[in-house]
Amino acid sequence: MADYYDLLGVSRSASAEEIKKAYRKRAREFHPDANPGDDSAAERFKEVSQAYQVLSDDQQRARYDQFGEAGVRNGGGGASADDLFGGGIGDIFDAFFGGQGSPFGGGGGRQRGPAGPPRGQDVEAIADIDFVHAVFGGEITVELKLPVTCDTCEGSGAGANTKPVTCSECNGAGQVQRVRQSLLGQMVTATTCGRCGGLGEIITTPCETCRGEGRVTADTSYQVDVPAGVDTGSTLRLTGRGAVGPRGGRPGDLYVHLRVRPDEQYVREGDDLVTEVTVSFAQAALGTSLKLETLDGTEDLVVPAGTQPGREFVLRQRGVPRLQGRGRGDLIARLRVDIPTKLSDAEVDLLTTYAKGRGETVGNGKEGIFSRIKSAFS
């Protein structure tokens, strides 16, 4: 094997920190993951690991400096690269690269704590709200059935006067580790304990109320604040208001999907409100002033003489508050002209006189103009 100092690229007077930094650089360069299928790189990685193993230990380094490789070979008292890092190349990788994303088991030989009770499920609910609530916001009540903490065992799942016991399969770690040998040393993998499900504890005497679950299903009611400007399809997220997890696990979230009941007077178009205002033929022709009921109160609406059907009058900032910005939409009053279907004789006479004055051909107010033409030829 080449000189250990040359393998790491440091001088014989290098400090421990310099040796460590040099090894990290070499390890990255020759690591098998960075050189897939390259046997020479794998062998080089083992050599630099052996070099670091010796030079990072003061006693071994002293023997190496005095006797060379023979001083640390065959019972020289030095630990192997695997022993140095507690159980495998994976631990070498974890020790220098933070333990994240290691291909050797994601945790090397170190024992992790139990995973803990699993989080509860997220829950969805649908709430129907009034139109005014959607525009101005307000508080609504949402009622649903949810898994909640068992009061009898206070979420532990254990029966009266008992407690969960440590899992004998994983000794409370919540994980079971497997070690196997490879060309690169030991490979350690950790999997969730199948007996305790990663909790690290076993219920020997389950609670009679929840049967060891630590939770029961119950009717639950929440008061939900609805922001101004929501619409059908808007979703409100209530953090921690979902189902409680088993055995004391933290709750999931509650998602409330909103449906807005239609309004008899207003139709929503984005942040604008549209309402229809009906006037008579005479009011449209001669002009008028109306009282328009809005969601903010009564407003005066002036209809100029000669206003045509379909004309829109815009009342600024009388619409829906904008969820993603300041201000409000507008209120649009769309004009509709009401044409009477039945007329008195006096009204027929007045309209006939009006039409003649304008040179218009009209019916008699009781039958259509085409019926009169048809009778003239019969």
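Q: Help me out: how do you make sense of the confidence of the model for the protein in this one?
A: Regions with low pLDDT should not have their predicted coordinates read in detail. In this model, the protein carries a mean pLDDT of 83, and residues with pLDDT of at least 70 account for 84%. Every residue in residues 75-111 scores below 50 in pLDDT, and together they form 85 contacts with partners more than four places removed in sequence or on other chains.

Q: Sorry if this is basic, but what is going on with the sheet that holds strand β10 (residues 267-269) here?
A: Each strand in a sheet pairs with another by means of backbone hydrogen bonds, the pair being arranged parallel or else antiparallel. Spatial strand order, β10-β11-β15-β14: four strands in an open sheet with mixed pairing. For this open sheet the edge positions go to β10 and β14 (312-315), each flanked by a neighbour on one side alone. With direction set aside, neighbouring strand axes in the sheet form an average angle of 35°.

Q: Quick question: what am I supposed to make of the packing of helix α2 (residues 16-30) against helix α3 (residues 39-55) here?
A: The packing of two helices is summarised by the inter-axis angle and the distance between the axes. Running from amino to carboxyl end, α2 crosses α3 at an angle of 165°, the nearest separation of the two axes being 9 Å. As summarised for this structure, α2 and α3 are arranged roughly antiparallel, according to the angle between their axes. Along this stretch, α2 crosses α3, giving a crossing that reads as left-handed. Facing α2, whose interface residues are Ile 19, Lys 20, Tyr 23, Arg 26, Ala 27 and Phe 30, α3 presents Ala 41, Ala 42, Arg 44, Phe 45, Val 48, Ser 49, Tyr 52 and Leu 55. Within the contact of α2 with α3, the residues separate by chemical class into ten nonpolar, one polar and three charged.

Q: Please explain the packing of aromatic side chains as it appears in this structure.
A: Two aromatic rings are characterised by how far apart their centres lie and by the angle between their planes. One pass over the structure, following the stated rule, counts five aromatic pairs. Judged by centre distance (6.5 Å) and plane angle (10°), the ring pair of Phe 131 and Tyr 266 falls under stacked. Placement of the pair is Phe 131 in helix α7 (residues 131-136) and Tyr 266 in the loop between β9 (254-260) and β10, with a sequence separation of 135 residues. For Phe 131, a relative accessible area of 10% puts it in the buried group. Judged by its relative accessible area of 5%, Tyr 266 falls in the buried class. With a centroid separation of 6.4 Å and 75° between ring planes, the pair formed by Phe 281 and Tyr 354 is classed as edge-to-face. Here the residue Phe 281 occupies a position in helix α8 (residues 281-286), and Tyr 354 occupies one in helix α9 (residues 345-357), the gap between them amounting to 73 residues. Residue class for Phe 281 comes out partly exposed when judged on its relative accessible area of 40%. By relative accessible area, which is 40% here, Tyr 354 ends up partly exposed.

Q: For this particular structure, what's the right way to read the sheet that holds β9?
A: On the basis of which strands lie adjacent, the open sheet formed by three strands has the order β1-β9-β8 and mixed pairing. Each end of this open sheet is capped by a strand with a single partner; those strands are β1 (123-129) and β8 (235-238). If you compare each strand with its neighbour and ignore which way they point, the axes differ by 25° on average. As paired strands, β1 and β9 are joined by seven bridges and run parallel to one another. For Ala 125, the partnering residue across the bridge sits in β9 and is Val 256.

Q: Just to check I follow, could you spell out the side chain of Arg 61 for this structure?
A: Among the secondary structure elements, Arg 61 is positioned in helix α4 (residues 58-67). Here Arg 61 is buried and forms no salt bridge, its nearest opposite-charge partner Asp 65 lying at an N-O distance of 4.2 Å. A polar contact of 2.9 Å, which involves the side chain of Arg 61, links it to the backbone oxygen of Ala 14. The residues contacting Arg 61, other than those within four sequence positions of it, are Tyr 5, Arg 12, Ser 13, Ala 14, Ile 19, Val 54 and Leu 55.

Q: Can you help me understand the nonpolar core in this one?
A: A general tendency of soluble globular proteins is for nonpolar side chains to be buried together. Grouped together as the largest cluster of nonpolar side chains are 38 residues, with contacts concentrated most on Ile 129, Ile 140, Val 142, Leu 254, Val 256, Leu 258 and Val 277. Leaving out residues up to four positions away in the same chain, Leu 258 has contacts with Ala 127, Ile 129, Ile 140, Val 226, Val 230, Asp 231, Thr 232, Gly 233, Ser 234 and Leu 236. In terms of nonpolar packing, the next biggest core, distinct from the first, is built from 19 residues, Leu 8, Tyr 23, Val 48 and Ala 51 among them.

Q: Teacher, can you tell me more about unusual backbone geometry here?
A: Working note: non-glycine residues mostly have negative phi, and peptide bonds are mostly trans. Here Asn 161, not a glycine, exhibits a phi torsion of approximately 60°, which is positive. Position of Asn 161 among the secondary structure elements: in the loop between β2 (138-149) and β3 (165-166). Taking relative accessible area as the criterion, Asn 161 reaches 84% and is therefore assigned exposed. Phi angles above zero are rare outside glycine, and Arg 247 is one such case at about 55°. With respect to the element layout, Arg 247 can be found in the loop between β8 and β9.

Conventions we followed
- Within each chain, residues carry numbers counting from 1 in the order of the written sequence.
- Reporting of local features is limited, given that this is a predicted model, to residues whose pLDDT is at least 70; pairs of side-chain atoms are given and counted only at 80 or more, and all residues count toward the totals for whole chains, interfaces and linings.
- Note: side-chain values were computed over all heavy atoms of the structure, leaving out hydrogens and water.
- A residue's pLDDT is simply how confident the predictor is in it, with values from 0 to 100.
- We call two residues in contact whenever any of their non-hydrogen atoms come within 4.5 Å of each other.
- Here, strands pair whenever DSSP counts at least two bridges between them.
- Secondary structure elements are taken from DSSP: a helix is a run of H or I of four residues or more, a strand is a run of E of two residues or more, and numbering for both begins at the N terminus.
- Geometry is summarised by axes, namely lines fitted to C-alpha atoms with helices restricted to the contacting stretch, and by angles between N-to-C directions that run from 0 to 180 degrees.
- Roughly parallel means an angle under 35 degrees; roughly antiparallel, over 145; roughly perpendicular, 65 to 115; everything else is oblique.
- Left-handed describes a crossing whose near helix is turned anticlockwise from the far helix through less than a right angle; right-handed describes the clockwise counterpart.
- Note on residue categories: nonpolar means Ala, Val, Leu, Ile, Met, Phe, Trp, Tyr, Cys or Pro, charged means Asp, Glu, Lys or Arg, and polar means any other residue, Gly included.
- Only Phe, Tyr and Trp rings take part, Trp by its six-membered ring, and two of them pair if their centres are within 6.5 Å. Stacked means planes under 30 degrees apart, edge-to-face means over 60, and tilted covers everything else.
- Under the scheme applied here, a residue whose accessible area is under 20% of the maximum for its type counts as buried, over 50% as exposed, and between as partly exposed, the area being computed with a 1.4 Å probe on protein chains only.
- Charge assignment in this entry is limited to Lys and Arg as positive and Asp and Glu as negative, and neither His nor the chain termini are counted.
- When a carboxyl oxygen of Asp or Glu lies within 4 Å of a side-chain nitrogen of Lys or Arg, that pair is called a salt bridge.
- The term polar contact refers here to a pair of N or O atoms within 3.5 Å; inside protein, the definition further demands a hydrogen-donor-capable atom paired with an acceptor-capable atom, and it admits residues adjacent in sequence only when both atoms are side-chain atoms.
- Buried residues of nine kinds, namely Ala, Val, Leu, Ile, Met, Phe, Trp, Tyr and Cys, make up a nonpolar core once their side-chain atoms join them within 4.5 Å.

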